[in-house]
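# Per-entry structural report
What follows is the residue order along each chain.
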Amino acid sequence: MTGQPASFAEDLPAERPQRICVVGAGYVGLTAAACFAHLGHYVHCIESDPARLGMLAKGEIPIHEPGLAELVQEGMSSGRLRFGNDPAEALEGAAVAFLCVGTPPRSDGEPNLTYLAEAARQLARVTDHSLALVVKSTVPPGSCEAIELVCDEVTAEGISVSVVSSPEFLRESKAVWDFLNPDRVVVGAADAQVADLVASLYPPGVPVVRCDRRGAELVKYAANAFLAVKISFANEVAALCEKLGTNSATVLEGVGLDHRVGREFLNPGPGYGGSCLPKDVSGFMAVGRSVHSPTPVVTAAAEMNLLARRSVLDKLAGSLGTLEGRRIALLGLAFKAGTDDTRDSPAIALGKALVGEGAHVVAYDPLARVDLVGMERVPSALQAARGAEALVVATAWEEFAELGPQTLGEEMAGRVICDAVGIVDLESFSEAGFVSLGVGRGEPPSFHPVVWAPLRWAHTTDTCEPVTGAANGNEAHAA
Ligand SMILES: NC(=O)c1ccc[n+]([C@@H]2O[C@H](COP(=O)([O-])OP(=O)(O)OC[C@H]3O[C@@H](n4cnc5c(N)ncnc54)[C@H](O)[C@@H]3O)[C@@H](O)[C@H]2O)c1
């Protein structure tokens, strides 16, 4: 079809269903492909990893996502979903292609867009008709325009590739549900008709936010940065609760039930992790640096995350005296419950830190199948607990909440339990004689009146003097 009009918008197919190409069969791509097929479209998904492709060809699913296997099966047997590795074949009759490849961080925290550029180039090079190339991967603002220039270098004469931003917001472990029931769809395009076409592919009745491409790209970065801020804020409050001798669970419940704040993501723990939040937070800061716009709020969230990760290790060290030579059970490796994904998992970071301190770590996770360096891996929680001096719950799998002090007490050599994710009934462990360490719950300290700031604040009158040097609170109570 070479020689079609350069303006893609004049040549758009109007009707549903559409033929769609999806590039990348990971958490986002495979979910998108299966869900678009479920919505009635004809989807050809290409994947460059031969092992992944081999599994898909046999009807096996390379990732764990509830409901995904069924949708892939449904799509393959109806003929609406195919897998392959030939971009030209995947583009036959497809006016729209979704790019769902990884955009991992580089060692300096800046995003690596080379996989995305290569995937775009592969399609642009072979397409014989004009194409809307939709970037679903998370990218910094300006990337779609850059990818369009990359495509322009290789597209045939008379062919137009219009790059659109439509970021994905699904959560791992709920990917299928989220894709089919999104809170919103964001479409950033340079051309309104191309935006209409892309928006029409999604489930009907969903709110669509339309904007320019940079705006759409920033929606995703800003949304993830805000979630990271919420988690770090919860960890900051939890640290205060520990010092003050109160319980962050109820404090954050009280804060989060205010609908302006919202309850979700206001849970303390071992810090945020996974393949998205840490990477998108560092990407957000990198974007700020690149345009000389300070990002102090998000930078603070990243700093608080490091403190949250460190604090679990410090608590264990504090109660065991030393970590050197200690046998420690690590329950959980996935970055959160419900997924097999271990990318940038706080649980694994904790395991590595424990190994770094000389501990012998025995780990168990019901789903995650990652290669562990320096840690022993066992097939059950009880085997991990066997002979352990301390046990850490690092991923909130429900089965860990069901392990009581009696069961664990029979297996463990020591009596220290640390619940980094807030799912264990620690009171029952304390009653059974365990040292139980949580996040955000402190024993009421007995404040010495001299250092109990509120008492001092209750007695000191406001002199209206500038609060500098010796006039500020710390010096006053030290006097
Ligand atoms: N995982 C999530 O929860 C999530 C949610 C929203 C957005 N995102 C974003 O979506 C993007 C993809 O994330 P993911 O978790 O699905 O990644 P992933 O690593 O699970 O999947 C990417 C897949 O793309 C394949 N691939 C890479 N280059 C290719 C090419 N040229 N041709 C064909 N296949 C190719 C890889 O082999 C891999 O299977 C990232 O930018 C991520 O930030 C992820």
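Up top you'll find the structure we're talking about.
Residues numbered from 1 in each chain as written. Predicted model: local features only at pLDDT ≥ 70, side-chain atom pairs only at ≥ 80, totals over all residues. Heavy atoms only, no water.

## With respect to the overall build of the chain
Regarding its fold elements, the chain presents 19 helices and 14 strands. Seen through its C-alpha atoms, the chain measures out along the principal axes to roughly 85 × 60 × 40 Å. The buried share of the chain, reckoned over its 479 residues, is 49%. Total accessible area computed for the chain in this model is approximately 22,200 Å², and 55% of it derives from carbon and sulfur atoms. The averaged location of the 59 negative side-chain charges in the chain is 2 Å from the averaged location of its 37 positive side-chain charges. (Helix = DSSP H or I, 4+ residues; strand = E, 2+ residues; numbered from the N terminus. Buried < 20%, exposed > 50% of the residue type's maximum accessible area, 1.4 Å probe, protein only. Areas by Shrake-Rupley, 256 points an atom, 1.4 Å probe, with all protein chains shown as cover. Lys, Arg positive; Asp, Glu negative; His and termini not counted. Charge placed at Lys NZ, Arg CZ, Asp CG, Glu CD.)

## Thoughts on the pairing of strand E4 (residues 96-99)
Side-chain alternation along E4 places Val96 and Phe98 on one buried face and Ala97 and Leu99 on a second face that is also buried. The pairing of strand E1 (residues 19-23) with E4 spans 4 bridges and is parallel. From the neighbouring strand, Val23 faces E4, where its bridge partner is Leu99. Here 4 bridges tie E4 to strand E5 (residues 131-135), and the two strands are oriented parallel to one another. Directly across from Val96, in E5, lies its bridge partner Ala132. (Pairing = 2+ DSSP bridges.)

## Describing the nonpolar core
Leu316, Leu330, Leu331, Leu354 and Leu391 are the most contacted members of the largest nonpolar core, which has 47 residues in total. Sorting the residues of this core by element identifies helix H12 (296-320), strand E9 (327-331), helix H13 (346-356), strand E10 (360-364), helix H14 (381-385), strand E12 (390-393), strand E13 (416-419) and helix H17 (426-431) as the ones contributing at least two each. When near neighbours in sequence (up to four residues on either side) are disregarded, Leu331 contacts Tyr364, Ala381, Ala384, Leu391, Val392, Val393, Ala394, Thr395, Phe400 and Leu403. If you look at the next biggest cluster of nonpolar residues, it comprises 42 residues, including Tyr27, Cys35, Phe36 and Leu81. (Core = buried A, V, L, I, M, F, W, Y, C linked by side-chain atoms within 4.5 Å. Contact = heavy atoms within 4.5 Å.)

## Some points on the pattern of salt bridges
Applying the stated rule across the entire model yields 19 salt bridges. Residue Lys136 pairs with Glu168 through a salt bridge whose shortest N-O separation is 3.1 Å. Taken together, the positions of Lys136 in the loop between E5 and helix H6 (143-152) and Glu168 in the loop between strand E6 (161-165) and helix H7 (175-180) put the pair 32 residues apart, joining distant regions of the chain. Considered together, Lys136 and Glu168 belong to a single accessibility category, that of buried residues. Each of Arg106, Asp108 and Glu110 takes part in a single network of salt bridges with overlapping partners. (Salt bridge = Lys/Arg side-chain N within 4 Å of Asp/Glu carboxyl O.)

## Points about helix H9 (residues 213-244)
An α-helical turn contains 3.6 residues, so a residue and the one three or four places further along point in the same direction. In a regular helix each residue adds 1.5 Å, so 32 residues correspond to 46 Å; H9 covers 47 Å between its end C-alpha atoms and thus fits that length. Note on H9: the residue one or two positions beyond its end, Gly245, has a positive phi of about 75°. (Expected span 1.5 Å × (residues − 1).)

## Here's the deal with the packing of aromatic side chains
Tallied over the full model, the rule gives 7 aromatic pairs. Ring geometry for Phe36 against Phe179: centres 5.1 Å apart, planes inclined by 85°, an arrangement best described as edge-to-face. Here the residue Phe36 occupies a position in helix H1 (residues 27-38), and Phe179 occupies one in helix H7, the gap between them amounting to 143 residues. Ring centres of Tyr364 and Phe400 lie 6.0 Å apart, and the angle between their planes is 70°; on these two criteria the pair is classed as edge-to-face. With a gap of 36 residues between them, Tyr364 in strand E10 and Phe400 in helix H15 (residues 398-401) connect regions that are remote in the sequence. For the pair Tyr364 and Phe400, one class covers both residues: buried. (Phe/Tyr/Trp six-rings, centres within 6.5 Å; stacked < 30°, edge-to-face > 60°.)

## As for helix H10 (residues 248-256)
Where H10 is concerned, the buried positions are Ser248, Leu252 and Gly256. All buried residues of H10 fall inside an arc of 60° around its axis, so they share one side. Exposed residues lying more than 90 degrees from the buried face of H10 are Thr250 and Gly254. Here the buried face of H10 lies against H9. Residue Asn247 occupies the N-cap position of H10, its side-chain oxygen lying 2.9 Å from the main-chain nitrogen of Ala249. (Arc of directions from axis to C-beta. Polar contact = N/O pair within 3.5 Å; in protein donor to acceptor, adjacent residues only side chain to side chain.)

## So, the side chain of His44
In this structure, His44 sits in strand E2 (residues 42-46). For His44, the residues in contact, after removing those within four places along its chain, are Ile20, Cys21, Val22, Arg82, Phe83, Gly84, Glu89 and Ala90.

## A few points about the packing of H9 against helix H11 (residues 277-290)
Between H9 and H11, the shortest axis-to-axis distance is 9 Å and the interhelical angle comes to 115°. Where H9 crosses over H11, the handedness of that crossing is left-handed. Touching Leu218, Lys220, Tyr221, Ala222, Asn224, Ala225, Leu227, Ala228 and Ile231 of H9 are Leu277, Asp280, Val281, Gly283, Phe284 and Val287, all from H11. Taken together, the residues of the contact of H9 with H11 break down into 11 nonpolar, 2 polar and 2 charged. (Axes fitted to C-alpha atoms, helices over the stretch in contact; angles between N-to-C directions. Left-handed = near helix turned anticlockwise from the far one by under 90°. Nonpolar A, V, L, I, M, F, W, Y, C, P; charged D, E, K, R; others polar.)

## Re a nonpolar patch on the surface
On the surface, Phe233, Val255 and Val261 cluster together to form a nonpolar patch covering roughly 220 Å² of accessible area. Note that Val255 resides in helix H10. (Patch = residues over 30% accessible without salt bridge, like charges linked within 9 Å, V, L, I, M, F, W, Y side chains within 5 Å.)

## What to know about unusual backbone geometry
Trans is the common state for peptide bonds, and a negative phi is the common state for residues other than glycine. Even without a glycine there, the phi angle at His292 is positive, about 55°. Residue position: His292 is located in the loop between H11 and H12.

## Quick word on the site of the ligand
Lining the immediate surroundings of the ligand are 27 residues, of which Val28, Glu47, Thr103, Glu172 and Lys279 lie closest. Between Val28 and the ligand, the recorded distance is 2.9 Å, taken from a backbone N or O atom to an oxygen atom. Gln122 is positioned with one of its side-chain polar atoms (N or O) 3.3 Å from a nitrogen atom of the ligand. Protein chains bury 89% of the 830 Å² of accessible surface belonging to the ligand in isolation. Sorting the residues of the shell around the ligand by element identifies H1 and helix H5 (114-126) as the ones contributing at least two each. A class-by-class count of the residues in the shell around the ligand yields 10 nonpolar, 9 polar and 8 charged. Looking at which domains feed residues into the shell around the ligand, each of domain 1 (8-211) and domain 2 (220-303) supplies at least three. (Near = heavy atom within 4 Å. Domains from an automatic or database assignment.)

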